[in-house]
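One-letter residues, chain by chain:
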Amino acid sequence: EYEWKSDAPLHYDFHGDPKAKENYPSGYFESYAIGNSNYAKGKITIHYKGSHGWYWKNESGKDVTITLTTKGKYDIIGLNIQRQSINFILQPTRY
């Protein structure tokens, strides 16, 4: 289960790519949800090991706070912690 909310609309892509890359075409990834919103909630079971997560793009022109809450069994890549809720700031996309 997951839920995220932000204080401004963002472009988002919840996606994953498999660990066993030899079983998939080069560059394969799968998007589970794509849209523009300041909120999304859902439940998903992914049937392959790999990296799964969100891409957010901030075009609001201001810093945006995102709160992500998750439930389930997973590892946070790059972090040695396990949390159910995390807040972070996403700076505006600069072109």
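The preceding data block contains the structure.
Residues numbered from 1 in each chain as written. Predicted model: local features only at pLDDT ≥ 70, side-chain atom pairs only at ≥ 80, totals over all residues. Heavy atoms only, no water.

> Any chance you could break down the packing of aromatic side chains for me, citing the residues and the numbers?
Under the definition given, this model contains nine aromatic pairs. Grouping aromatic residues by their ring pairs yields a cluster made of Tyr2, Trp4, Tyr12, Phe14, Tyr32, Trp54 and Trp56. (Phe/Tyr/Trp six-rings, centres within 6.5 Å; stacked < 30°, edge-to-face > 60°.)

> Any chance you could break down the pairing of strand β1 (residues 2-18) for me, citing the residues and the numbers?
Two strands pair when backbone bridges link them, and β1 and strand β2 (residues 30-42) are joined in this way by 11 bridges, in the antiparallel orientation. Residue pairing for β2: Trp4 is matched across the bridge by Ala40. Both β1 and strand β4 (residues 64-70) contribute to a ladder of five bridges, which runs antiparallel. Bridge pairing in β4 links Glu3 to Thr69. (Pairing = 2+ DSSP bridges. Helix = DSSP H or I, 4+ residues; strand = E, 2+ residues; numbered from the N terminus.)

> Before we move on, could you go through the environment of Lys19 and cite the residues and values that matter?
Its place among the elements puts Lys19 in the loop between β1 and β2. By relative accessible area, Lys19 is classed as exposed at 66%. With 29 residues separating them in the primary sequence, Lys19 and Tyr48 have C-alpha atoms 7.7 Å apart. When sequence neighbours within four positions are dropped, the list of residues in contact with Lys19 reads Lys49 and Gly50. (Buried < 20%, exposed > 50% of the residue type's maximum accessible area, 1.4 Å probe, protein only. Contact = heavy atoms within 4.5 Å.)

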